[in-house]
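Spelled out from the first residue to the last, the chains are:
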Amino acid sequence: MSGNGTTAGDDPLQTAVWRLRSRACWADAAALLPADVPATALQRAALFVERCLYTERGWEEAEDALRTAEALAHGDEERGAAACERGQLAYASTLHGVRDRADEARAALGRAAALIPPGAAGRALLDFRRGLLAENLSRSPQAARAAYRRAHAGAAAHADPLLLSFTWRHLAGLALRDGELAEARHGFAESLRIREELGYLVGTAPALVSLADTESEPEAGRLREEARRLFRLLGGVPTWLSRQLAPPAPGAATA
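Draft legend 1. Just the packing of helix H1 (residues 12-22) against helix H3 (residues 38-55), in detail. Contact geometry for H1 and H3: axes closest at 12 Å, N-to-C directions at 10 degrees. Considering their axes alone, H1 and H3 lie roughly parallel with respect to each other. Residues Gln14, Val17 and Arg21 of H1 pack against Gln43, Leu47 and Glu50 of H3. For the contact of H1 with H3, the per-class residue count stands at two nonpolar, two polar and two charged.

Draft legend 2. Quick peek at unusual backbone geometry. Note the cis peptide between Glu217 and Pro218, where omega equals 5 degrees. Summarising the element assignment, Pro218 is placed in the loop between helix H11 (204-212) and helix H12 (219-233). Here the residue pair Val237 and Pro238 is connected by a cis peptide bond, since its omega of -5 degrees sits within 30 degrees of zero. Inspection of the secondary structure assignment puts Pro238 in the loop between H12 and helix H13 (242-245). For Glu56, which is not a glycine, the phi torsion comes out positive at approximately 60 degrees.

Draft legend 3. View of the nonpolar core. Ranked by size, the top nonpolar core spans 57 residues in total, and within it Tyr54 and Val202 carry the most contacts. Top contributing element to this core by residue count: H3, with nine residues. In contact with Val202, other than residues within four places in its own chain, are Arg21, Ser22, Ala24, Trp26, Tyr54, Leu234, Val237 and Pro238. Residues Ala172, Ala184, Ala207 and Ala220 belong to the second largest nonpolar core, which totals 18 residues.

Draft legend 4. Spatial organisation of the packing of aromatic side chains. Under the defined criterion, the tally for this structure stands at six aromatic pairs. Ring centres of Trp26 and Tyr54 lie 5.6 Å apart, and the angle between their planes is 40 degrees; this geometry places the pair in the tilted category. Of this pair, Trp26 sits in helix H2 (residues 26-31) while Tyr54 sits in helix H3, and the two are 28 residues apart along the sequence. Both residues of the pair, Trp26 and Tyr54, belong to the buried class. Following the ring pairs from residue to residue traces out a cluster consisting of Trp18, Phe128, Tyr148, Phe166 and Tyr200. A cation sits over an aromatic face here: Arg195 above Phe166, 4.2 Å from the ring centre.

Criteria and thresholds
- Residues numbered from 1 in each chain as written.
- Predicted model: local features only at pLDDT ≥ 70, side-chain atom pairs only at ≥ 80, totals over all residues.
- Heavy atoms only, no water.
- Axes fitted to C-alpha atoms, helices over the stretch in contact; angles between N-to-C directions.
- Helix = DSSP H or I, 4+ residues; strand = E, 2+ residues; numbered from the N terminus.
- Parallel < 35°, antiparallel > 145°, perpendicular 65-115°, else oblique.
- Contact = heavy atoms within 4.5 Å.
- Nonpolar A, V, L, I, M, F, W, Y, C, P; charged D, E, K, R; others polar.
- Core = buried A, V, L, I, M, F, W, Y, C linked by side-chain atoms within 4.5 Å.
- Buried < 20%, exposed > 50% of the residue type's maximum accessible area, 1.4 Å probe, protein only.
- Phe/Tyr/Trp six-rings, centres within 6.5 Å; stacked < 30°, edge-to-face > 60°.
- Lys NZ or Arg CZ within 6 Å of the ring centre and 35° of its normal.

This is the structure we're talking about:
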């Protein structure tokens, strides 16, 4: 759930991986990467874990890729990054009701925190994922906000715009929950802007829907219709967005 997207300095392989990933073609992206090299094994695992979160399928393949990455990891930061992916996979399984792995998620992210030093590039992603657990599993918005803010500062320091799009979005979601409409609108707009600039199509529809929740008609309707178009274009991914994009029942009143 992190990565810089495409820039002029990217190598052709990483550019191809990014383009496939951003269009919800995670397996195709992973197929381009060597499975026997520590760095790319970890990247493959991250792709399969992200697919689980967005599609609610592919769990076995993600587990296999993650075990390979864990076996190949050497050095604290690589082992910490693998633990961070392990935590994210357990979080996704719990979030989607596949199996309750909340304790495993917390333990894995705790291991990652012990291995990844403060200030390292991977720390921002770890902080973000700890925020997800706090918000969605522990139901602790204050802890989530603190973790998201740390992640936001880290993503800015390490020039990771994609992660910034996630921290903007989740901080905005907490602001909306607190009734801070202007702050929420700004955060959702920033998240959408970054994702559109990066060409992160699979994350653009959720960003559109979130921004629509802060707008009045007709702008809200326009944003949701654009989200539906992208959702259909990507074959119904992310799956969890279908409930938010369901058209109103015939004759139902609209706000």
